[in-house]
Amino acid sequence: MVVAAQNQRKRVEVRPDRSTKAYQDFLLGAKLFWTRQMYSALHKEYQDKVKARGGKEPETYAETEKMMQGPLYSFFGWFERHIQRLKYSDKYYGLVAAVNRQRSELLEALENLPPSKFLKLNPDIEFPHYYKAVDFHQHPGGVAGDELAGFVYEYARKTTTPLHIHEDDIHFRLAKAVPKGDYKRILDFGCGVGKSTYPFKDLYPEAEVHGCDISAPCLKVAYLRALESGREIYYSQENMEKTSYPDEYFDLIHTTFIQHEFPLKALEKITREAFRLLKPGGLYVNLDFHSAPGGVFGKFCYFGHSKRNNEVFMRAFHDFDYLGLLRKVGFKSAEMLPFDDGTGIVAQNEVPKAWRFPWQLFISRK
Ligand SMILES: C[S@@+](CC[C@H](N)C(=O)[O-])C[C@H]1O[C@@H](n2cnc3c(N)ncnc32)[C@H](O)[C@@H]1O
């Protein structure tokens, strides 16, 4: 149910000053240039180098990296790593600095959130080692390392996928791509700041929609956004490896942008937990990155991205038999489908025209 408009609040958000906005916009432009022109130039150079070797493509990532050594690849890699780094960490115009300039206002908004059944926090939660040890996608301290990390993450998403018309579009696309059903209870497993949760509430307004995450700073922003927009969504601080929800509670569980952040042992625990939480016949849906299209060149770009962007488990997930795990855990059916992120569907043997994540949609039924 959507609550009455008079209960809605004024939006509290990060408002970068003029110079910071200009800087962040410049980085977005630079990322677009990297995504299209630099990537295409790198692909052209790859083709030229293969031609010069008599048409013999390299066989491994290491061999490809060696073949591609040179100014263009160095520049390409430097751009990719440092645009992201500057976006967060520039001393004056980075997002962390921008959020810190608004620190008291933003903290006050989170501290004054009304106590409610819609936000359940667990101050005693234990963070897994892999979670604390890595600053995924170069977010300093990660998405739970500071009380305002949720605001930083929310703003940062504007430049993660620069070809998308809006950073939330991908989440609406997922909600629409899930086979329609009479879902009474839906869980966004690893919901972050709720960007991947609210499209499901909009599509299934009568459903009881939940989102869980281990990061309290993210959940607080998710809850704040739900209050501001008048959406009733239940948020709870949980470790996805073992949550407090009862057995067979949900009809649909979905994840976005997350499987690639787990070491494989944790991924197995999380997959088993999703199975426990689903009703028989329930659906488990994952939108994530796997099986990069475009042969050796596709893998070369994607594995390089994982290295340059602190995505330490990305490569292991890419090569992992995830469908095999889903079946081993007990799902009756599990399939991997191509997904249109708004830039079209890319065939497995096709090199994408511009850089993009290797999106795949996993749909499994208990
Ligand atoms: C890249 S974000 C994606 C968030 C959201 N699904 C989205 O698409 O915007 C990954 C999220 O997974 C959460 N996460 C990572 N490991 C977790 C765990 N073991 N239990 C719960 N949440 C976890 C992080 O806190 C983070 O919010």
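Reading the values: rules and limits
- Note on numbering: residues in each chain are counted from 1, in written sequence order.
- Reporting of local features is limited, given that this is a predicted model, to residues whose pLDDT is at least 70; pairs of side-chain atoms are given and counted only at 80 or more, and all residues count toward the totals for whole chains, interfaces and linings.
- By convention in this description, side-chain values take in all heavy atoms of the structure and omit both hydrogens and water.
- For the purposes of this entry, the term helix denotes a DSSP run of H or I that reaches at least four residues, the term strand denotes a run of E that reaches at least two, and both are numbered from the N terminus.
- What the globule rule says is 2.2 Å times the number of residues to the power 0.38, and the radius of gyration is computed from C-alpha atoms.
- In this scheme, a residue with accessible area under 20% of its type's maximum is buried, one over 50% is exposed, and one in between is partly exposed, where area comes from a 1.4 Å probe on protein chains only.
- Between two residues, a contact is recorded if the distance between any of their heavy atoms is within 4.5 Å.
- Charge counting follows a simple rule: Lys and Arg are positive, Asp and Glu are negative, and His as well as the terminal groups are ignored.
- For charged residues, the charge sits on one atom: NZ in Lys, CZ in Arg, CG in Asp, CD in Glu.
- Cysteine sulfurs are considered disulfide-paired once they come within 2.5 Å of each other.
- By convention here, the domain bounds are inherited from an automatic or database domain assignment.
- Two parts placed together each lose some accessible area under a 1.4 Å probe, and the buried area is that loss summed for both.
- Counted as salt bridges are all cases of a side-chain nitrogen of Lys or Arg within 4 Å of a carboxyl oxygen of Asp or Glu.
- Identification of polar contacts relies on pairs of N or O atoms within 3.5 Å, with a donor-acceptor requirement for protein atoms, meaning one able to donate a hydrogen and the other able to accept it, and with residues adjacent in sequence counted only if both atoms are side-chain atoms.
- Note on residue categories: nonpolar means Ala, Val, Leu, Ile, Met, Phe, Trp, Tyr, Cys or Pro, charged means Asp, Glu, Lys or Arg, and polar means any other residue, Gly included.

## A look at the overall build of the chain
Alright, step 1. The helix and strand tally for the chain stands at 14 helices and eight strands.
Alright, step 2. For 366 residues, the compact-globule formula gives about 21 Å, and the C-alpha radius of gyration of the chain, at 21 Å, lands near that figure.
Alright, step 3. Summarising its shape, the C-alpha atoms of the chain cover approximately 65 × 55 × 35 Å along the three principal directions.
Alright, step 4. Looking at the chain as a whole, 55% of its 366 residues are labelled buried.
Alright, step 5. Sequence-distant contacts in the chain: of pairs separated by 6 or more residues, those separated by 24 or more amount to 80%.
Alright, step 6. With 52 positive and 47 negative side-chain charges, the chain shows a separation of 2 Å between the mean positions of the two kinds.

## With respect to the state of the cysteines
Alright, step 1. A full pass over the atoms with the stated rule returns zero disulfides.
Alright, step 2. Cysteine Cys 191 remains unbridged, with the sulfur of Cys 212 as its closest cysteine sulfur at 6.3 Å.
Alright, step 3. Residue Cys 191 is classed as buried on the basis of its relative accessible area of 3%.
Alright, step 4. For Cys 212, a relative accessible area of 0% puts it in the buried group.

## A few points about the side chain of Thr 243
Alright, step 1. For Thr 243, the location among the structural elements is in the loop between β4 (234-237) and β5 (250-256).
Alright, step 2. A relative accessible area of 8% places Thr 243 in the buried class.
Alright, step 3. Leave out the neighbours within four places in its chain, and Thr 243 touches Phe 189, Glu 238, Glu 273, Arg 276 and Leu 277.

## So, the domain arrangement of the chain
Alright, step 1. You can read the domains of the chain as domain 1 (18-111) and domain 2 (119-365).
Alright, step 2. Between domain 1 and domain 2, the C-alpha centre-to-centre distance is 23 Å.
Alright, step 3. Contacts between the two partners involve 36 residues from domain 1 and, on the opposite side, 37 residues from domain 2.
Alright, step 4. Across the domain 1/domain 2 interface, buried area totals approximately 3,600 Å², and carbon plus sulfur atoms make up 66% of it.
Alright, step 5. In terms of surface lost to domain 2, no three residues of domain 1 exceed Tyr 39, Tyr 61 and Leu 110, which account for 21% of the buried area on that side.
Alright, step 6. Between domain 1 and domain 2 we count four salt bridges in total.
Alright, step 7. Close ionic contact of Arg 103 with Glu 147 constitutes a salt bridge, the shortest N to O distance being 3.9 Å.
Alright, step 8. On inspection of domain 1 and its partner domain 2, the count reaches 13 residue pairs in polar contact (both at pLDDT 80 or more).
Alright, step 9. Ranked by the residues each element gives to the side of domain 1 that touches domain 2, the list is headed by helix α1 (residues 18-52), at 12 residues.
Alright, step 10. Residues that form the side of domain 1 that touches domain 2 fall into these classes: 18 nonpolar, seven polar and 11 charged.

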